[in-house]
Amino acid sequence: VSFINRGTNYIYMQKGEGNKTPYMKTFALCGLGFISNKHISAIESLGDKLLAVCDNDATKKDKCPYGAKFFEDFGEFVKFVAEMQIDYVAISVPNDLHVEMVTRLLKNTKAQIICEKPVVTSVDDLEKIDDSRVNCMHQLRYYNLPKINPNKQYNVLMNINIRRDQWYFDSWKGDAIKSGGLLFNIGIHYFDMLVCLFGKPKSCKTDALGHHYGVGSIEFNNAHVEWKITLDAPQDNQYRIIRCDEF
């Protein structure tokens, strides 16, 4: 949790660096699920102001921070963002809703958008969100990653062995249509980190993919990666290993 907090705060600071004006920046937040607390904490830690929150569940109004206006209707929320000229909008809703929300905000507001991963779950939607105002949450790239020598070749073994209990699979995260499945909801963090290390992939291959596991490989110009992700590890034997050997 502390790492996620640190990553979220750092991303917010990075996005603000290009604007050196002294005024307090304004934010709006769409979605009051678990991860929304990380966004709220990051905004508060920077001394900025959360002006509006949107969630289609009216019972979550009590989670709305003091001073922020609550919206149940996304259309009214977008109008408020535009009228108030809010600087940033954070989106933390189920993955299948990202594209529609991002495109409506791009069309109707001037706000910068900070969207939870993945912004899209289909390549067909990439053009819709191809805009410099769209920023995706990939916190692992802000970790202290090792320096890779582009002139050397690497064999990489990535083994992500973690546990997700039944609540995970009963929620929208366990619904492949809403979340994009294992690769988009969990694997995307680690694949993004590999891209930050080795650059654009030459090819990708998935050898096996199920509800709880995935196995495949990725070829980069200077690296061959074998990866495996499992979600049914014993509670007391979870690990994330990325081994990188020169050859």
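Residues numbered from 1 in each chain as written. Predicted model: local features only at pLDDT ≥ 70, side-chain atom pairs only at ≥ 80, totals over all residues. Heavy atoms only, no water.

Peer 1: Just to check I follow, could you spell out the sheet that holds strand β4 (residues 88-91) for this structure?
Peer 2: Paired through their backbone hydrogen bonds, the strands of a sheet run either parallel or antiparallel. Spatially, the six strands line up as an open sheet ordered β3-β2-β1-β4-β5-β6, and their pairing is parallel. With one partner strand each, in any of the chains shown, β3 (69-71) and β6 (134-137) form the two edges of the open sheet. Taken over all neighbouring pairs, the strand axes of this sheet differ in orientation by 20° on average, direction set aside. Examined bridge by bridge, strand β1 (residues 26-30) and β4 share four bridges and lie parallel to one another. (Pairing = 2+ DSSP bridges. Helix = DSSP H or I, 4+ residues; strand = E, 2+ residues; numbered from the N terminus. Axes fitted to C-alpha atoms, helices over the stretch in contact; angles between N-to-C directions.)

Peer 1: What am I meant to see in the packing of aromatic side chains here?
Peer 2: What characterises a pair of aromatic rings is the spacing of the ring centres plus the angle enclosed by the ring planes. A full pass over the atoms with the stated rule returns nine aromatic pairs. Their ring planes at 80° and their centres at 5.9 Å tell us that Trp167 and Tyr168 sit as a pair that is edge-to-face. In this structure Trp167 comes out as exposed when scored by relative accessible area, which is 54%. You can call Tyr168 buried: its relative accessible area is 4%. Within the aromatic cluster, the residues linked to one another by ring pairs are Phe71, Phe74, Phe77 and Phe80. Geometry around Tyr168 places Arg164 over its ring, the cationic atom sitting 6.0 Å from the centre. (Phe/Tyr/Trp six-rings, centres within 6.5 Å; stacked < 30°, edge-to-face > 60°. Buried < 20%, exposed > 50% of the residue type's maximum accessible area, 1.4 Å probe, protein only. Lys NZ or Arg CZ within 6 Å of the ring centre and 35° of its normal.)

Peer 1: Looking at this structure, how should I read the sheet that holds strand β9 (residues 213-220)?
Peer 2: Judged by pairing direction, the sheet is mixed, and its five strands sit side by side in the order β8-β9-β10-β7-β11 without closing on themselves. At either margin of the open sheet sits one strand with a lone partner, and together these are β8 (203-209) and β11 (239-246). Across the sheet, the axes of successive neighbouring strands diverge by a mean angle of 10°, strand direction being ignored.

Peer 1: I'm lost on the nonpolar core in this one. Help?
Peer 2: In globular proteins that are soluble, nonpolar side chains generally tend to be buried together. Counting residues in hydrophobic clusters, the biggest one holds 27 residues, and the most contacted among them are Phe74, Phe77, Val89, Ile91 and Val102. Contributions of two or more residues to this core are made by β1, β2 (49-54), α3 (74-83), β4, α4 (98-108) and β5 (112-116). Those residues within four positions of Ile91 in sequence are excluded, and the remaining contacts are Cys30, His98, Met101, Val102, Leu105, Ile113, Ile114, Cys115 and Glu116. Listed in part, the 26 residues of the second largest apolar core include Leu197, Ile218, Phe220 and Leu231. (Core = buried A, V, L, I, M, F, W, Y, C linked by side-chain atoms within 4.5 Å. Contact = heavy atoms within 4.5 Å.)

Peer 1: It is not clear to me how the pattern of salt bridges should be interpreted in this structure. Could you clarify?
Peer 2: A side chain of one charge can pair with a side chain of the opposite charge when the charged atoms of the two come close. Summed over all chains, the structure comprises 10 salt bridges. Notably, a salt bridge pairs Arg133 with Asp131, separated by 3.8 Å at the nearest N-O pair. Given the relative accessible area of 31%, Asp131 is considered partly exposed. Linking Asp165 and Arg163 is a salt bridge whose minimum nitrogen-to-oxygen distance equals 2.8 Å. Residue classification places Arg163 among the partly exposed residues on the basis of a relative accessible area of 31%. (Salt bridge = Lys/Arg side-chain N within 4 Å of Asp/Glu carboxyl O.)

Peer 1: Sorry if this is basic, but what is going on with the environment of Ala233 here?
Peer 2: Position of Ala233 relative to the elements: it lies in the loop between β10 (223-230) and β11. Classification of Ala233 by relative accessible area gives buried; the value is 2%. C-alpha of Ala233 to C-alpha of Asp165: the two residues are 68 residues apart in sequence and 9.9 Å apart in space. Ignoring anything within four residues of it in the chain, the contact list for Ala233 reads Asn161, Ile162, Arg163 and Gln238.

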